[in-house]
Amino acid sequence: MTQQEIFNYGTDHLTAKLALAISKGEVKGILSESTKEKVLKSSEVVERIAGSGQAAYGINTGFGPLCTSMISAVDTRKLQENILKSHAVGVGEPIDDEISKLMLVLKLQALAQGYSGIKIETLERMIWFLETGATPLVPRQGSVGASGDLAPLSHLFLPLIGLGKVHYKGETIATAELLKEHQMQPLQLGPKEGLALINGTQFIAAHAVKVVQRLENVLASADIIAAMMIEGLQGSQKPFHAELHELRPYPANISVAEQVRKLLEGSEIMKSHANCAKVQDPYSLRCIPQVHGASRTAWLHLKEALEIELNSVTDNPVIFDDDLTISGGNFHGQPLALPLDYACLAAAEIGNISDRRIYLSLEGNTPGVPKLLMKETGLNSGFMIVQYTSAALASENKGLCFPASADSIPTSLGQEDHVSMGSISGRKALQVIENVEKILGIELFCAAQAVDYHLPLKPGKILAAVHDFVRTEIDHFEEDQIMYDRMENAIEMVQTGKIVVIANQAASTLN
């Protein structure tokens, strides 16, 4: 195994892409000897504090409003088991296995930095769950995203002590059954370990990893599909000139304009109306760089914030040495909650402008492109109702865009009196992105139909490759048929990133 295929928890720099690769088993996460030394040192400090009689939050005291209740040295281990049991109060359907695995990866990275008092054996058991493919069952609701993602992380780590459930080999089974099959015993948690496991932002951050991944694909897909719609509706190329965007030099806007120019390069369709009398296009065509670019800026903001979070210690208290233990607020989810809400809005706007382009394609105002994208309408409704679906999805997204981070409900008898609600921010952002993927699939469906009416004039070389790919699975048609299966095909092309791959492959042949 090469060095590139190994990731050293607590030492190497983690990114969203790497976290996904580790969760999928494409990269192997390990504990290096230097990491083990740091972890052991921190664990020994906690053991000494636990036996000293000196009050240290969560080590020999109760939790939250019970922080003044001293716990005897004999009961400190029982305290850590109790916290996992009492805090596992999540409800609702379980999160996807991929997000549960990401939570494990992210928690390993945070704990392996050696400031949490965790034992090496505990980290090794977490790695075992990842590599065995036994994924803890974690309900999706119950975190307020402040004292860490307490409820979901408690469910995530119940299996360490032999409780809870896991997804294993396609089935949901009790952890006790899994351990029996592998002839393993539950762990006995040491002082502070339970608290270290459930304090942190790994539920929020795991959702953010998926948001970063899927929104990046949405943004790339949106540029390609929008460029195809420009061809189909004979839009103007002038709004994408580099000189224009140098006068308002947002880097993301400049990048989108450059990408659209590249996609339209060599288009016979665009050349055919270069000298037409039309002065300007509606905003949904003309302002693609400004709208798509602003959403790219939001995506980049989240990506940068997430990368800091992935390599941070979000535990509490944080153990520096025998003399310095700090009970602070590194577990608070606000640094991710705000960018997640921003990214949620950014994704929704991609869907909003896409829906407007879909509507434009049905108006029949482009020479050669019939109303409702079908020549014989009346008896046929054409693509009329397709836009109803994109409108419904865009409207649903507007309701989901209210920022979860704008709310705070005090918990823990007022001890935790401001919370981030970042867990909801992450879940909502993924819901919106899924809706936008569907809207873009519908736009792709309509744009390909519009382009057909300009043939045999050729699209730009990159867009021609994308159009040809679409036509391998979705036929052009001139009479009403069942639409939803074609729509699902187009949506799948967006969700899987296939059209981005096709476009990139075509672009590589031009260089």
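Refer to the structure printed above.
Conventions and cut-offs
- Residues numbered from 1 in each chain as written.
- Predicted model: local features only at pLDDT ≥ 70, side-chain atom pairs only at ≥ 80, totals over all residues.
- Heavy atoms only, no water.
- Pairing = 2+ DSSP bridges.
- Helix = DSSP H or I, 4+ residues; strand = E, 2+ residues; numbered from the N terminus.
- Core = buried A, V, L, I, M, F, W, Y, C linked by side-chain atoms within 4.5 Å.
- Buried < 20%, exposed > 50% of the residue type's maximum accessible area, 1.4 Å probe, protein only.
- Contact = heavy atoms within 4.5 Å.
- Salt bridge = Lys/Arg side-chain N within 4 Å of Asp/Glu carboxyl O.
- Patch = residues over 30% accessible without salt bridge, like charges linked within 9 Å, V, L, I, M, F, W, Y side chains within 5 Å.
- Areas by Shrake-Rupley, 256 points an atom, 1.4 Å probe, with all protein chains shown as cover.
- Expected span 1.5 Å × (residues − 1).
- Arc of directions from axis to C-beta.

## A look at the sheet that holds strand β6 (residues 165-168)
Now for step 1: Strands sit in the order β4-β6-β7 across an open sheet of 3 strands; the sheet is antiparallel. Looking along the sheet, the strands with just one partner apiece sit at the ends: β4 (135-136) and β7 (171-174).
Now for step 2: As judged from the 4 bridges shared by β6 and β7, these two strands associate in the antiparallel manner. Looking at β7, one finds that valine 166 is bridged to isoleucine 173.

## Re the nonpolar core
Now for step 1: The biggest cluster of nonpolar side chains holds 142 residues, and the ones touching the most others in it are Tyr9, Phe383 and Ile499.
Now for step 2: No other element matches the 20 residues that helix α9 (residues 202-232) contributes to this core.
Now for step 3: Once residues within four sequence positions are removed from consideration, phenylalanine 383 is found in contact with Leu362, Leu372, Leu373, Met374, Phe445, Cys446, Gln449, Phe477 and Met483.
Now for step 4: Within the second largest apolar cluster, 6 residues are counted, among which are Val45, Val46, Ala50 and Ile59.

## With respect to unusual backbone geometry
Now for step 1: Here the amide bond leading from asparagine 316 into proline 317 is cis, since omega sits at -5°, within 30 degrees of zero.
Now for step 2: In the segment running from leucine 455 into proline 456, the intervening peptide bond is cis, with an omega of 15°.
Now for step 3: Within the secondary structure layout, proline 456 lies in the loop between α17 (422-452) and α18 (461-473).
Now for step 4: Its identity as a non-glycine residue notwithstanding, serine 412 has a phi of 55°, on the positive side.
Now for step 5: With respect to the helices and strands, the residue serine 412 is situated in the loop between α16 (384-400) and α17.
Now for step 6: Serine 412 gets classed as partly exposed once you look at its relative accessible area, which sits at 22%.
Now for step 7: Phi is positive for methionine 421, close to 55°, though the residue is something other than glycine.
Now for step 8: Its place among the elements puts methionine 421 in the loop between α16 and α17.

## Examining the pattern of salt bridges
Now for step 1: For the coordinates displayed, the defined rule picks out 17 salt bridges.
Now for step 2: The residue aspartate 322 makes a salt bridge to arginine 48 at a minimum N-O spacing of 2.7 Å. Pair noted here: aspartate 322 is in the loop between β8 (318-321) and β9 (324-326) and arginine 48 is in helix α2 (residues 33-52), with a separation of 274 residues, a long-range link.
Now for step 3: Where lysine 85 meets glutamate 81, a salt bridge forms, and the shortest distance between an N and an O atom there is 3.0 Å. Of this pair, lysine 85 and glutamate 81 are both found in helix α3 (residues 76-87), 4 residues apart, which corresponds to roughly one turn of the helix.
Now for step 4: Residue class for lysine 85 comes out partly exposed when judged on its relative accessible area of 38%.
Now for step 5: With a relative accessible area of 23%, glutamate 81 lands in the partly exposed category.

## Examining a nonpolar patch on the surface
Now for step 1: Residues Tyr115, Phe320, Leu324 and Ile326 make up a contiguous nonpolar surface patch of roughly 340 Å² in combined accessible area.
Now for step 2: Along the chain, tyrosine 115 turns up in the loop between α4 (97-111) and α5 (120-132).

## Some points on α3
Now for step 1: For α3, with 12 residues, the first-to-last C-alpha span of 17 Å sits near the 16 Å given by 1.5 Å per residue.
Now for step 2: For α3, the full list of buried residues reads Thr76, Leu79, Gln80, Ile83 and Leu84. Taken around the axis of α3, the buried residues stretch over an arc of 135°, which confines them to a single face.
Now for step 3: In this structure, the buried residues of α3 make contact with α6 (150-157) and α8 (193-198).

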